[in-house]
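# What the coordinates show
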Amino acid sequence: MRAETDPAGAGGQPEEWFASAKKIYPMAVHGTFRKIKWAVLFITLGIYYFLPFIRWDRGPDAPDQAVLVDLAGRRAYFFFIEIWPQEVYYLTGLLILAAMGLFLMNAVAGRVWCGYLCPQTVWTDLFLFVERKVEGDRRERMRLDHEPWTAEKVARKGAKHFLWLMIAWWTGGAWVLYFSDAPTLVWDLATGQAPFTAYLWIGILTFTTYSLAGHMREQVCIFLCPWPRIQAALTDEDALNVTYRYDRGEPRGSLKQNKKREAEGLPAGDCVDCHQCFHACPTGVDIRDGTQLGCIQCGLCIDACDAVMDKVGKPRGLIAYDTDENIKRRTEGRETQVRILRPRTLIYVAIILLVSGIMAYALATRQYEDLNVLHDRNPIYVELQDGAVRNGYTIRLLNKRTLERNFILSVEGMPAGTRIEAVGITENVLGKPVIPVGPDTTREIRVLVFSPADATLPTTTPITFRITETVMGKVATAGDFFKAP
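Described below are features of the structure shown in this document. The shown structure was predicted, so the numbers you read here are calculated from the model rather than taken from an experiment. (Residues numbered from 1 in each chain as written. Predicted model: local features only at pLDDT ≥ 70, side-chain atom pairs only at ≥ 80, totals over all residues. Heavy atoms only, no water.)

## Comments concerning the packing of aromatic side chains
Rule in force here: Planes of paired rings set the category: under 30 degrees apart is stacked, over 60 is edge-to-face and the rest tilted, where pairs are Phe, Tyr or Trp rings (Trp by its six-membered ring) whose centres lie within 6.5 Å. Helix and strand definitions here come from DSSP, where helices need a minimum of 4 consecutive H or I residues and strands a minimum of 2 consecutive E residues; each element is numbered from the N-terminal end. Think of it in three bands: with a 1.4 Å probe and only protein chains considered, a residue is buried below 20% of the maximum accessible area for its type, exposed above 50%, and partly exposed in between.
Applying the stated rule across the entire model yields 19 aromatic pairs. Note on Phe-50 and Trp-170: the rings are 5.8 Å apart at their centroids and 80 degrees apart in plane angle, and the pair reads as edge-to-face. Separated by 120 residues along the polypeptide, Phe-50 in helix α1 (residues 32–50) and Trp-170 in helix α6 (residues 151–176) bring together distant segments of the chain. The exposure class assigned to Phe-50 is partly exposed, which follows from its relative accessible area of 46%. Judged by relative accessible area, Trp-170 falls into the partly exposed class, the value being 41%. Put simply, the rings of Tyr-48, Tyr-49, Phe-50, Trp-123, Trp-170 and Tyr-178 touch in pairs and so form one group of aromatic residues.

Here is the structure:
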């Protein structure tokens, strides 16, 4: 954008205030970091696309999909873990863990999330792989884009976009499988029997994946994503970032120029100004210009530079994960240092361990039964002719298991001789009603508590309702009060 506000140049002709983004043609590279990115891509996409088809036996009348968000049943399943709507605090814990994990990665190695794990990066890598297989590497793609339209060009472009759309369609289709039984939904989608919302979301995600990974690519990282701005405020001088070691690379020049300078006894850097690091960058960043907003720390420039250093007989590592502080240390003749363990990272690790421990404890001690009690408002109590006092309650029992369970209802805190009745319940154990509750459901019953006729009670007596499961002996309690004159 022009700094001036005058839309006309010196010659009086209007100038553009904004320039269109230049298309980037990343070059294919091979090396350690490229292998890591391939491994991450295959693992993450393999999990995403095929995880809905993994089965997990949860017993009769329970979904057997290992990972499922059952909106109709108001449940979320993750292998042996089952989450209910009232346990939204687990989602809060996961968000905290995700944030702290992101902060920790940034403190250790900068935008390593962006370079390897971000969905935008993973799918863009996949789309670029398809593009290279169909249209060729950097030079071939540039040449093809500048050639006039021919049958071959139409065929190549058409094949590429078709494959992109198929990947995007599969991406959208895999997403909806997490919200319904995967094999059943696949059949319903193929036969046109699936709900309209399934087709709608597949269409939306197909469009967004095709647009973001196929066309917008680095524009998402540079302009749309807020994380580059956030991480810039969170990073410090000890965070390892992909860095051009200018203490070794400068003054740069071609291989021939550098050899000439060396022969004349003049300083010459190891950088041969081949631009391979720039051509390999998926966001079009020249890492030699220093840390930049567009750099996603993917390490591909490291692989490209190492390959060139091997060819010219120079040691690897002209571009590497390093810090500016270490460059200064080498310049001053001091030893470099890598400080992974420091207050910032230790605090992040401590928070992650604390939240993980709390969530693990909550899962290990969670109850699969619950009890809620509501005292009658009007009348609060009833005096009977024999001198006894009756209080009425509405009790809701919750059974979170996938099989029917029976619960013995009792009341504590009342004097001996207290009688309890559950309206509509005929089965009793030692005068205590036995209440059956269906699988994965709640049951509301009316309960009457009668004090002994000769008992002397205070105006308010704290009491505790207790349910005891007849098979496993699991217990749940709820407190309330007993009112008397």
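There is more to say, and it comes next.
## A short note on the side chain of Arg-132
As a reminder of what qualifies: Whenever a nitrogen or oxygen atom comes within 3.5 Å of another N or O atom, the pair is scored as a polar contact, on the condition that within protein one atom can donate a hydrogen and the other can accept it, and that pairs from neighbouring residues in sequence are kept only if both atoms are in side chains. Contact between two residues is taken to exist if any of their heavy atoms lie within 4.5 Å; hydrogens are not considered.
Among the secondary structure elements, Arg-132 is positioned in helix α4 (residues 119–135). Taking relative accessible area as the criterion, Arg-132 reaches 18% and is therefore assigned buried. A polar atom in the side chain of Arg-132 sits 3.4 Å from the backbone oxygen of Pro-26. For Arg-132, the residues in contact, after removing those within four places along its chain, are Pro-26, Met-27, Ala-28, Asp-137 and Arg-141.

## Looking at the sheet that holds strand β9 (residues 405–412)
Put simply, the test is: At least two DSSP bridges between two strands are required for those strands to pair.
Spatial strand order, β11-β12-β9-β14-β15: five strands in an open sheet with antiparallel pairing. One side of each edge strand has no neighbouring strand; the edge strands of this open sheet are β11 (428–429) and β15 (475–483). Pairing analysis gives two bridges linking β11 to strand β12 (residues 432–437), with the strands arranged antiparallel. For Asn-428, the partnering residue across the bridge sits in β12 and is Pro-433.

## Let's talk about the pattern of salt bridges
To keep it simple, the criterion reads: Salt bridges are counted wherever a side-chain nitrogen of Lys or Arg sits within 4 Å of a carboxyl oxygen of Asp or Glu.
With the rule as written, the count across this model stands at 37 salt bridges. Here Glu-135 and Lys-157 are joined by a salt bridge, their closest N and O atoms 3.4 Å apart. Here the residue Glu-135 occupies a position in helix α4, and Lys-157 occupies one in helix α6, the gap between them amounting to 22 residues. In this pair, the class of Glu-135 matches that of Lys-157, namely buried. A salt bridge links Glu-444 to Arg-396, with the shortest nitrogen-to-oxygen separation between them at 2.6 Å. Here Glu-444, found in strand β13 (residues 441–450), pairs with Arg-396, found in strand β8 (residues 389–399); they are 48 residues apart in sequence, far enough to count as distant.

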